[in-house]
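# Close look at the chain arrangement
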Amino acid sequence: LSAAVMMLVFATNIAMINRSTEQTNFHQDIHAKVLGLETAILRQNSQMRGYLVTGDVSYLKSYYEGRDDYDSASAALETLIDEPAMKDKLLESRAETQKWRTDWGDKSIEMVKQGDREGAMERVRSGGKAALVSAAVLPLRDLRDHEEAALEAQADGQQTAITTAWIALAIGGLALIGLAVALQRKLSRNIAAPIGELTDTMAALASGRNDVSVPGTERVADLGTMARAVLGFRAQAV
């Protein structure tokens with residue numbers, strides 16, 4: 001029973017650790033994708049500004065790559081998030097990102113392509129905070145904080161399960177050792193010792209000591225039957 005209880009506790013804790021690991025991997029995946037979205041947004045902003053300052057078309061390649069990375073990661077993340085509040089944060093970031101592209105990113109790049117680089121730079125400079133991507137990034141940071149809290153909770157759950165398993169191992173092991181010792185003593189007292197006494201009695205009878213006392217004749221189990229048989233031997237010897 002002690003071993004069965006210990007095994008049950010271990011099985012329960014292993015199942016808890018397994019579920020916690022699955023949840024940890026799930027939240028880590030979301031967290032990584034959120035970080036990827038932040039990086040993609042900041043990349044679009046920086047590459048757009050680099051293009052405005054230098055007019056180097058190599059910045060456009062990185063800008064469009066950041067845009068495509070954001071769109072694909074955002075679509076993938078939407079299928080993973082199941083909490084309505086967090087999904088709203090993702091959609092809010094997506095809407096703000098698209099708005100920033102329309103009002104600033106794509107529009108400024110188009111102005112440069114049409115030869116009005118100075119006008120595009122002045123427009124971004126005078127835009128102030130409106131030209132920044134903060135409105136698109138802040139919802140993602142809320143989502144990231146939520147996932148980090150979930151990861152911390154899963155880590156705490158794993159640690160609790162591991163601690164419980166160690167406690168079960170210690171208590172169950174001590175219980176098994178205690179039971180083994182108790183059973184050994186009981187077997188020694190109830191079987192080994194009486195058999196030893198009967199052996200000594202039969203040896204005494206064999207040596208001619210017919211007055212020897214026969215222990216255990218009052219027992220009702222097999223040892224009692226053996227003792228009464230030895231008592232019969234003694235009576236025949238007398």
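All figures in this text were calculated on a predicted structure; none of them were measured in a lab.

### Quick look at the packing of helix H1 (residues 2-54) against helix H2 (residues 58-80)
The N-to-C vectors of H1 and H2 enclose an angle of 155°; their axes lie 8 Å apart at closest approach. The angle between H1 and H2 places the two elements in the roughly antiparallel class. Crossing of H1 over H2 shows left-handed handedness. Across the contact of H1 with H2, the residue classes tally to 16 nonpolar, 7 polar and 6 charged.

### So, the nonpolar core
Ranked by internal contacts, the top residues of the largest apolar core, which has 30 residues, are Leu-37, Ile-41, Met-48, Leu-52, Leu-77 and Ile-81. Counting residues per element, the ones that place at least two in this core are H1, H2, helix H3 (84-113), helix H4 (117-127) and helix H5 (134-206). Once residues lying within four places of it in the same chain are set aside, the contact partners of Leu-52 are Ser-108, Val-112, Arg-117, Ala-120, Met-121 and Val-124.

### Some words on the environment of Gly-196
Here Gly-196 lies in helix H5. Overall, Gly-196 belongs to the partly exposed group, its relative accessible area being 29%. For the pair Gly-196 and Gly-115, spaced 81 residues apart in the sequence, the C-alpha separation amounts to 112 Å.

### Digging into a nonpolar patch on the surface
Taken together, the side chains of Ile-162, Trp-166 and Leu-169 present a nonpolar region at the surface, about 310 Å² in accessible area. Among the structural elements, Trp-166 can be located in helix H5.

### Quick word on the packing of aromatic side chains
Per the stated rule, a full pass over the model turns up 1 aromatic pair. Where Tyr-63 meets Tyr-64, the ring centres are 5.3 Å apart and the plane angle is 75°; that geometry is what we call edge-to-face. Residue Tyr-64 is classed as partly exposed on the basis of its relative accessible area, which comes to 25%. Between Arg-123 and the ring centre of Trp-104, over which it is positioned, the NZ or CZ distance is 4.3 Å.

### As for the packing of H2 against H3
Remark: H2 packs on H3, axes separated minimally by 11 Å, with the N-to-C direction vectors making an angle of 160°. By the angle class used here, H2 and H3 are roughly antiparallel. Crossing geometry of H2 relative to H3 is assigned as left-handed. Every residue of H3 that contacts H2 at Leu-60, Tyr-63, Tyr-64, Arg-67, Tyr-70, Asp-71, Ser-74, Ala-75, Leu-77 and Glu-78 is listed here: Lys-87, Leu-90, Leu-91, Ser-93, Arg-94, Thr-97, Trp-100, Arg-101, Gly-105, Asp-106, Ile-109 and Lys-113.

### Description of the side chain of Ser-74
Among the secondary structure elements, Ser-74 is positioned in helix H2. Sequence-distant contacts of Ser-74, that is, excluding residues within four places in its chain, are made with Leu-37, Leu-90 and Arg-94.

The rules behind these values
Sequence order as written defines the numbering, with residues in each chain counted from 1. Per-residue local features of the predicted model are confined to residues with pLDDT of at least 70, and side-chain atom pairs are confined, for both listing and counting, to 80 or more; whole-chain, interface and lining totals are unaffected and use all residues. Heavy atoms throughout the structure, all of them, feed into the side-chain values; hydrogens and water do not. Fitted lines through C-alpha atoms serve as axes, helices being fitted only where they are in contact, and the angles separating the N-to-C directions of these axes extend from 0 to 180 degrees. Counting from the N terminus, the helices are DSSP H or I runs at least four residues long and the strands are E runs at least two residues long. For classification purposes, angles smaller than 35 degrees are called roughly parallel, those larger than 145 roughly antiparallel, those between 65 and 115 roughly perpendicular, and all remaining angles oblique. For any helix crossing, the convention is left-handed if the near helix is rotated counterclockwise from the far helix by under a right angle, and right-handed if that rotation is clockwise. Under the scheme applied here, ten amino acids are nonpolar (Ala, Val, Leu, Ile, Met, Phe, Trp, Tyr, Cys and Pro), four are charged (Asp, Glu, Lys and Arg), and all others, including Gly, are polar. Among the buried residues, those of types Ala, Val, Leu, Ile, Met, Phe, Trp, Tyr and Cys that are joined through side-chain atoms within 4.5 Å form a nonpolar core. Each residue's exposure class comes from its accessible area (1.4 Å probe, protein chains only) as a fraction of the maximum for that residue type: buried when under 20%, exposed when over 50%, partly exposed otherwise. Contact definition: two residues touch when any of their heavy atoms are within 4.5 Å. What goes into a patch is any residue over 30% in relative accessible area without a salt bridge, connected to like charges within 9 Å or, for nonpolar side chains (Val, Leu, Ile, Met, Phe, Trp, Tyr), within 5 Å. We get accessible surface area from the Shrake-Rupley algorithm with a probe of 1.4 Å; when it comes to residues, only the shown protein chains can shield them. Only one rule defines a salt bridge in this text: a Lys or Arg side-chain nitrogen within 4 Å of an Asp or Glu carboxyl oxygen. Any two rings among Phe, Tyr and Trp, with Trp reduced to its six-membered ring, count as a pair given centres within 6.5 Å; such a pair is stacked if its planes are under 30 degrees apart, edge-to-face if over 60, and tilted if neither. We call a charge positioned over a ring when the NZ of a Lys or the CZ of an Arg lies within 6 Å of the ring centre and within 35 degrees of the ring normal.

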